[in-house]
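Architecture and fold: a report
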Amino acid sequence: MRSAVMSTSTGEGGRPVPAAVSTADLRKSYGDRTVLDGIDLRIPAGSVFALLGPNGAGKTTTVRILSTLVAADGGQAQVAGHDVATSPDRVRAAIGVTGQFAALDDLLTAEENLLLMADLLRLGKREGHSRTRQLLERFDIADVAHKRAATFSGGMRRRLDIAMTLVGDPQVIFLDEPTTGLDPRSRRTLWDTVRSLVAGGTTVFLTTQYLEEADQLADRIAVLDGGRIVAEGTADELKARIPGSHVRLRFTHTTEYERAAAAFPGAGRDEENLALRMAGDGGLDALRALLDRLDAAGIRAADLSVHTPDLDDVFLALTGDGTGTTSPHVKETPR
C-alpha cells in the first residue's frame with residue numbers, strides 16, 4: 001500500500017506548514033466507470049486550493065469523499081489531521097461544506113437558518129446566538145436578518161449559505177462551484193469573502209469552472225481530467241507549461257518597422273499594425289537581450305508588451321480532447 005502524503009512542508013522562514021488535506025492514490029468507481037484513478041494531493045493549511053476540470057471529471061466526487069459523504073474504493077485521505085475512513089466524525093467536526101446550490105430553508109429567516117445550524121451543531125443557546133450575530137455582521141446581512149431566505153437574491157443566498165457553513169468555525173471549507181449562477185458583482189463579493197477566510201487561517205478547497213476565479217484566488221491549482229491529476233502548480237507555473245508566450249514590438253514608422261523585421265527575420269509580421277511578434281517567455285534576461293539588440297541596431301520601438309497564455313489556454317490544452325491525455329504541446333514539468 002502506498003503511504004499517505006506527508007503531513008508537513010516548509011513555509012516562509014523554514015517553518016513547517018501542516019497539510020490541511022492530503023490524499024494518496026485515491027480511487028473511486030461507479031460500476032465500470034472510473035471516476036478517480038489514483039489522486040495525490042497535498043494542501044497546506046491556511047491556503048486556497050482550486051480543483052479544475054470539465055463536467056464529469058470527478059471534482060464533486062473528490063469533495064464528497066473528503067467530506068465523508070461517500071467512501072473511496074481505495075487509497076488514503078486525511079483532512080485536518082484525521083483519516084477520512086477511520087475517523088469520519090472528527091473530519092466532519094473540522095470541516096464545512098458548501099455545495100453548488102444554497103442549502104437554505106426558505107421558510108426561515110436568515111437569523112433562524114443560522115440558529116438552526118447552531119442547534120444542529122449543539123453549540124448551546126448563548127453561544128449559538130453570539131455566533132449568529134457575528135456571522136450576520138461579517139457577511140453584511142444583519143439588516144435582513146429577520147427576512148425569509150426565499151426573498152434573497154442569489155448573491156445574498158450564497159453569503160448566507162457560507163455563513164451557515166462557518167457556524168461551527170471549521171478548519172477546512174469545501175466550496176463546490178460556489179459562484180455558479182452569480183452575477184459578476186456577487187462573484188467578486190464572494191471572492192473577497194474567501195480571501196478574508198484564508199487571512200484568518202481557514203483552508204479553502206475550491207472547485208470551479210470559472211478559470212478567472214482560480215486565477216484570482218488559488219495559491220495552487222490542480223487540473224483533473226479522466227480521473228487523474230494532469231497538472232498541478234501555481235497559476236503562473238501552469239501557464240508557463242503552455243507554448244505561445246511571445247513579445248510584441250510595435251513601431252510608429254514604417255522605416256523602423258522594416259529595419260526591425262530585417263534584424264529579426266524569424267519574427268511574425270503584422271504589417272497593418274507595424275508590429276512584430278517574437279516567441280519568448282518574457283523573462284528579464286530575454287527582454288534585456290532583445291532591447292540590447294534593438295539598441296545596437298539603432299532601432300526604437302514605440303512600445304513593447306509581453307503576452308503569455310492564460311488559464312483558458314491551460315485548461316483547453318490539458319482537457320480539450322476529453323480523454324485525460326495531456327496535449328503533446330504541453331511542456332512537461334516535474335510535480
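Everything below is about the structure printed above this text.
Throughout what follows, the structure given in this document is the object of discussion. Each chain carries its own residue numbering, running from 1 in the written order of its sequence. Reporting of local features is limited, given that this is a predicted model, to residues whose pLDDT is at least 70; pairs of side-chain atoms are given and counted only at 80 or more, and all residues count toward the totals for whole chains, interfaces and linings. With hydrogens and water stripped out, all remaining heavy atoms of the structure feed into the side-chain values.

Formed by 47 residues in total, the largest nonpolar core has its most connected members in L114, L160 and I221. L36, I65, V172 and L224 belong to the second-largest nonpolar core, a separate cluster that totals 27 residues. Nonpolar cores are built from buried Ala, Val, Leu, Ile, Met, Phe, Trp, Tyr and Cys residues. Side-chain atoms within 4.5 Å join them into one set. When a residue's accessible area, from a 1.4 Å probe over protein chains only, is under 20% of the maximum for its type it is buried; when over 50% it is exposed; and in between it is partly exposed.

Below, the discussion takes up the sheet that holds strand β13 (residues 268-270). The 4 strands lie next to each other as β13-β14-β12-β15, forming an open sheet whose pairing is antiparallel. The sheet terminates laterally at β13 and β15 (303-307), the two strands that pair on one side only. Here the strands of the sheet are splayed against their neighbours by 20° on average, with no regard to which way each runs. Strands qualify as paired when DSSP identifies two bridges or more between them. Strands here are runs of E lasting at least two residues and helices are runs of H or I lasting at least four, both read from the DSSP assignment and numbered beginning at the N terminus. Two strands pair when backbone bridges link them, and strand β12 (residues 246-250) and β15 are joined in this way by 5 bridges, in the antiparallel orientation. In the sheet register, R248 faces β15, and the bridge partner there is S305. Axis lines are fitted through C-alpha atoms, for helices just across the contact stretch, and the angle between N-to-C directions can take any value from 0 to 180 degrees.

Before going further, it helps to examine the side chain of T165. Considering the arrangement of structural elements, one finds T165 in helix α5 (residues 154-165). Residue classification places T165 among the buried residues on the basis of a relative accessible area of 10%. For the purposes of these results, a polar contact is taken to be a pair of N or O atoms within 3.5 Å, where, inside protein, one atom must be able to donate a hydrogen and its partner to accept one; residues adjacent in sequence count only when each atom of the pair is a side-chain atom. Looking at T165, its side chain comes within polar contact range of the side chain of T98, at 2.7 Å.

Turning to the packing of helix α3 (residues 110-120) against helix α4 (residues 125-138), a few remarks are in order. Closest axis-to-axis distance for the α3/α4 pair is 9 Å, and the angle between their directions is 135°. With respect to their mutual orientation, α3 and α4 come out oblique. α4 is crossed by α3, and the crossing has right-handed handedness. For the pair formed by α3 and α4, the contact residues are A110, E111, L114, L115 and A118 on the first element and G128, H129, T132, L135 and L136 on the second. For the contact of α3 with α4, the per-class residue count stands at 6 nonpolar, 3 polar and 1 charged. Orientation categories follow fixed angle ranges, with anything under 35 degrees roughly parallel, anything over 145 roughly antiparallel, 65 to 115 roughly perpendicular, and all other angles oblique. Whether a crossing is left-handed or right-handed is set by the direction in which the near helix is turned from the far one by less than a right angle, anticlockwise for left-handed and clockwise for right-handed. Only heavy atoms enter the contact rule, under which two residues are in contact if any of them lie within 4.5 Å. Residue polarity follows a fixed list, in which Ala, Val, Leu, Ile, Met, Phe, Trp, Tyr, Cys and Pro are nonpolar, Asp, Glu, Lys and Arg are charged, and the others, Gly among them, are polar.

Two aromatic rings from Phe, Tyr or Trp, using only the six-membered ring of Trp, form a pair when their centres are within 6.5 Å; if the ring planes differ by under 30 degrees the pair is stacked, by over 60 it is edge-to-face, and anything between is tilted. Counting across every chain of the model gives 3 aromatic pairs. When the centroid spacing of 5.3 Å and the interplanar angle of 45° are considered together, the rings of F49 and F205 count as tilted. Highlighted residues: F49 in strand β4 (residues 48-52) and F205 in strand β9 (residues 203-207), separated in sequence by 156 residues. Owing to a relative accessible area of 1%, F49 belongs among the buried residues under this scheme. Taking relative accessible area as the criterion, F205 reaches 1% and is therefore assigned buried. A centroid spacing of 5.3 Å and a plane angle of 50° characterise the contact between F174 and F205, whose relative ring orientation is tilted. Here F174, found in strand β8 (residues 172-176), pairs with F205, found in strand β9; they are 31 residues apart in sequence, far enough to count as distant. Comparing F174 with F205, the two get one shared label, buried. Definition used: whenever NZ (Lys) or CZ (Arg) falls within 6 Å of the ring centre and also within 35 degrees of the ring normal, the charge is taken to sit over that ring. Sitting above the plane of the Y210 ring, R187 keeps its charged end 4.0 Å from the centroid.

The analysis is restricted to geometry; functional conclusions fall outside its scope.
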